[in-house]
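Spelled out, the chains give:
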Amino acid sequence: MMNDDIINVARLGIARLRKDETVPVSIQLRFWDAWRRERFNEEIARIRHKVRGLSVDVVDESTLLLNLVRGEVKAVALVKSVDPYIAKSLPANVYLVVIVGKRDERETLTKVLHRIGMRRGWLKQVFIKKLDEVIVSNKLKFELLSLVYELRMYKGRIFTAAGTANFWPKGVESIKEALEEYLLPIERARGYYIFIKSLRFRLIKDGVGVGTYSVDRWGRITIAPRSDVDIILGILPIIAESILNNYIEYKLHYTVRVNRVRSYTTYYLEKASSIYLSAVDPGSDFFNAVKLMVGKPTIWNNRLIILPVEVGNPRLVSRIIDKQTGMGVTLIATYNGIRLLPAPGSVGIDAEMIDNILAMFRNLVNE
Amino acid sequence: MSSEIKIKCRNPHEFLISIIYSLSYASRKAGPVLHRSLLGLGYIFVALDIPSVFNMPAPDFLLVNTRRKIVVAVECKGDTVEDRKLKKKFSDPVEDAIKSVVQDDRNEYKIEFVIHTFDIFANHYTHVAHNISEELGKDVLIWTTTAVPQVMADSATGGTAEYYTLRKYTSQNYSVKHYDNELERLLAQGILISESDIACNPLVDPDVEYKVLFYELSEYTLRAALSDKYRGRRIRVVEFTNDIKRDYQSIVKIDRLIGVITDIFEVFPELGEIKRSSMEIVFKKRPRINEEFIKKFDDIRKTIINKSESEAKKYIRELKTRRRK
């Protein structure tokens, strides 16, 4: 991703749309499939009749402007195409969306974008749970204000959620501390795991508060009224890059390896042919726990068929087959973790199957 | 097997083929490849059945680069053999057969012959390659893979992993270059492949044992029976074997595959049945895959793989007779 480009698009967009500092702004990366883009005209004509006060202005080939005017209330969205490093290989175009307006109006415009087929990306939990570390590395102080989470539990093909809760930590310095001290005990006791939906935080630079922001699991950054825009735009490329990499992994079954040498950054695409899950607590206890689960032929949770191939010490190889799809992976366990490889004849490893395997080894491996 | 060799797969020959297979096998899903490997340079693993089509001995597989119009014919040798056994595989008729299988009507492709062996045998094969090139008038290159893996730091795990190195062999007496400079550079530097990234593929060996075929294909059939593509469908046996050949890049003869597939369906009727009159496979709509079946399935596969070849065949015959009764 061209970092300066994306920052400039966001900065100019906000400067152009926001007349008043008291109005919140949200920024998000979105993906628009070519076939949905071709149907834009007919879709938008239909939507315009349904959404009161909506007007759409096609500024140029790569820019859209959506206006929502309902009496005194106004909201505006700028949709601008950005070219990531892999643009030519992607099946969709990538857009940066800047929406200025109050919450309800922003939601309306977001729904319009969804209706025309502009899909949002997502952030992995492992990224969200370490967002504060990313921010701190940019020489800023992070103060967690609230954390919206869901308790989830895998049950076969689907997960069940035990409802959404909001958590206002007090005297907590990092997300990790909030999770470990307050939330993980709930997770362990009830067999659920914590799924973070959004984070609201305050940023402090050189001892001075610069503003309040929130980031959700869809990678949407919201800038609260009277908050500094430039500070959060410094973090935008990192979030955008993470979203883009997740999208590539999902759509193309490739993972992105990034090499950074001084100011040069190179990206390698590697076939997602191998996934490594490191043990939370490496050692023989971990290995024996894994051996108990996959060391004998069985069916886990009526979903994963387990066929051991080689059960030794300190190495165990098992074949895991998804009962619903027939997809197969080879699992190699050692004292340090678990490696997953597609079984011969299988094209890749399905994200849903990885989720199921993760659920099987919950609490034993890191995400 | 030599005691100096430490490998992952069932035998050295399968291991050497699997190393290249893991570095050059392109799945059906198209996508960008920028990774530094044989596949990254556009060399795709192709196991075309030259021996059965043209009735002549041929190298184990081809690496075909359609963009650069280069075919690398690779013969893997897990042990030392005399040059007279290899000459036929690198002969002119074989070169013509390769040209016809890659449909090189315009004579655009350059064909290179490679012997892939372990580093400990490199010296022996230098003499072999020298003799072949003198007699046939064509260069033969040597690629080597380390016989023993090297323990190195693994950035993914934070621990260590065992790596094998594939490189082109050169010495003071022997130095032949590839047409493709990038391939030459890549192989001169050496390609590292971690032990866990090597996908052992027994079906790339045309002479694979029956018991290994049964072991591997029974699992493939189980996966197929559960997949949306086959579940509840009726398909021709040949179509199924073609899928196997494509997915494994196998050069095992179709007749052998059909024989094993027929045995698998007779031993595990829970997956489906073969209609002998029309030679079709009817996959079950709702295959009964429960704990009991999985235990039986695993038990039969483990028993067969641990038996000798003749005992394994006898065991399957007994199982089939028991089922028919």
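Residues numbered from 1 in each chain as written. Chains lettered and ligands numbered in written order. Predicted model: local features only at pLDDT ≥ 70, side-chain atom pairs only at ≥ 80, totals over all residues.

The next point concerns the overall build of chain A. Counting its regular elements, chain A contains 11 helices and 19 strands. Across the 367 residues of chain A, 36% fall into the buried class. Restricting the contact set of chain A to residue pairs at least 6 apart, pairs at least 24 apart contribute 57%. (Helix = DSSP H or I, 4+ residues; strand = E, 2+ residues; numbered from the N terminus. Buried ≥ 20, exposed ≤ 12 C-beta atoms within 10 Å, placed from the backbone. Contact = placed C-beta atoms within 7 Å.)

A tally of helices and strands in chain B yields 11 helices and 11 strands. In chain B, buried positions account for 39% of the 325 residues. Considering only contacts in chain B between residues 6 or more positions apart, those separated by 24 or more positions represent 66%.

Residues and elements named next belong to chain B. The 3 strands lie next to each other as β9-β11-β10, forming an open sheet whose pairing is antiparallel. Each having just a single partner strand, β9 (234–236) and β10 (272–275) make up the two edges of the open sheet. The average angle at which neighbouring strand axes cross in this sheet is 25°, direction not considered. The sheet contact formed by β9 and strand β11 (residues 280–283) spans 3 bridges and is antiparallel. Looking across to β11, one finds that Arg234 is bridged to Val282. Across the sheet, helix α8 (residues 237–248) touches β9, β10 and β11, and the angle it forms with β9 is around 75°. (Pairing = 2+ DSSP bridges. Axes fitted to C-alpha atoms, helices over the stretch in contact; angles between N-to-C directions.)

Before going further, it helps to examine the sheet that holds strand β19 (residues 337–342) of chain A. All names here are of chain A. In spatial order, the strands read β14-β19-β18-β17-β16-β15; together these 6 strands make up an open sheet with antiparallel pairing. Only two strands of the sheet have a single partner each, and these edge strands are β14 (275–278) and β15 (298–300). Taking the axes of each pair of neighbouring strands and ignoring which way they run, one obtains an average angle of 25° across the sheet. Here strand β18 (residues 328–333) pairs with β19 via 5 bridges, running antiparallel. Looking at the pairing, Ala333 lines up with Ile338 of β19. Its contacts with the sheet place helix α10 (residues 284–294) against β16 (304–311), β17 (316–322), β18 and β19, and it is angled at close to 45° to β17.

Residue and element names in this part refer to chain B. With respect to the helices, strands and loops of the structure, Leu39 is situated in the loop between α1 (12–24) and β1 (44–46). Classification of Leu39 as partly exposed rests on a count of 19 C-beta atoms within 10 Å. Considering only alpha carbons, one finds Leu39 and Tyr21, 18 residues apart in sequence, at a separation of 9.7 Å.

All names here are of chain B. Interaxial distance between helix α9 (residues 254–267) and helix α11 (residues 309–324) falls to 9 Å at its minimum, and their mutual angle equals 45°. As summarised for this structure, α9 and α11 are arranged oblique, according to the angle between their axes. Relative to α11, α9 is oriented so that their crossing is left-handed. Contacts from Asp263, Glu266 and Val267 in α9 reach Ile316, Leu319, Lys320 and Arg323 in α11. Partitioned by chemical class, the residues of the contact of α9 with α11 number 3 nonpolar, no polar and 4 charged. (Parallel < 35°, antiparallel > 145°, perpendicular 65-115°, else oblique. Left-handed = near helix turned anticlockwise from the far one by under 90°. Nonpolar A, V, L, I, M, F, W, Y, C, P; charged D, E, K, R; others polar.)

On to helix α7 (residues 210–226) of chain B, then. For α7 of chain B, spanning 17 residues, the distance from its first C-alpha to its last is 24 Å, which sits close to the expected 24 Å at 1.5 Å a residue. For α7 of chain B, the tally of buried residues reaches 16 of 17 residues, placing the bulk of the element in the interior. (Expected span 1.5 Å × (residues − 1).)

What follows is about the pairing of strand β2 (residues 54–60) of chain A. Residues and elements named next belong to chain A. Little of β2 is tucked away: 0 of the 7 residues are buried. By the bridge criterion, 6 bridges tie β2 to strand β3 (residues 63–70) in an arrangement that is antiparallel. Bridge pairing links Asp60 to Thr63 in β3. The turn linking β2 back onto β3 is made up of 2 residues.

In this section: unusual backbone geometry. Residue Pro314 of chain A is reached from Asn313 of chain A by a cis peptide bond, and omega for that bond is 15°. Although it is not a glycine, Met279 of chain B adopts a positive phi angle of roughly 50°. Owing to 12 C-beta atoms within 10 Å, Met279 of chain B belongs among the exposed residues under this scheme.

Residue and element names in this part refer to chain A. Pairing of β3 with strand β4 (residues 73–81) involves 8 bridges; the strand directions are antiparallel. Its bridge partner lying in β4, Leu68 is registered against Ala75. Where β3 folds back on β4, the antiparallel hairpin that results is connected by 2 residues, among which Gly71 adopts a positive phi of roughly 70°.

Any residue range with low pLDDT should be treated as having predicted coordinates unsuitable for detailed reading. Residue and element names in this part refer to chain A. Taken over all residues, the pLDDT of chain A has a mean of 82, while the share at 70 or more is 82%. When pLDDT is averaged over each element of chain A, strand β11 (residues 221–223) comes out on top at 95 and strand β13 (residues 264–271) at the bottom at 48. Residue range residues 262–271 is modelled with pLDDT below 50. Its contacts to residues more than four positions away, or to other chains, number 22 contacts. (pLDDT = per-residue confidence, 0-100.)

Residues and elements named next belong to chain A. With respect to the helices and strands, the residue Asn166 is situated in strand β8 (residues 158–167). Separated by 33 residues in the primary sequence, Asn166 and Leu199 have C-alpha atoms spaced 9.8 Å apart. If we skip the residues at most four places from it in the chain, Asn166 touches Ser146 and Val148.

Across chain B, the average pLDDT comes to 85, with 92% of residues at or above 70. Low pLDDT, under 50, characterises residues 28–35 of chain B; the stretch is placed with 19 contacts to residues that sit more than four places away or in other chains.

All names here are of chain B. Residue position: Phe121 is located in the loop between β4 (110–118) and α5 (122–136). Take Phe121: there are 24 C-beta atoms within 10 Å of it, and that puts it in the buried class. In sequence terms Phe121 and Gly78 are 43 residues apart; their C-alpha atoms lie 8.6 Å from each other.

Our focus in this paragraph is the packing of α7 of chain B against helix α10 (residues 291–305) of chain B. All names here are of chain B. The interhelical angle for the contact between α7 and α10, taken along N-to-C directions, is 160°, at an axis separation of 8 Å. It follows from the interaxial angle that α7 and α10 lie roughly antiparallel. The hand of the α7/α10 crossing is left-handed. Residue-level inspection shows Lys211, Phe214, Tyr215, Ser218 and Leu222 of α7 in contact with α10, the latter providing Phe297, Arg301, Ile304 and Ile305.

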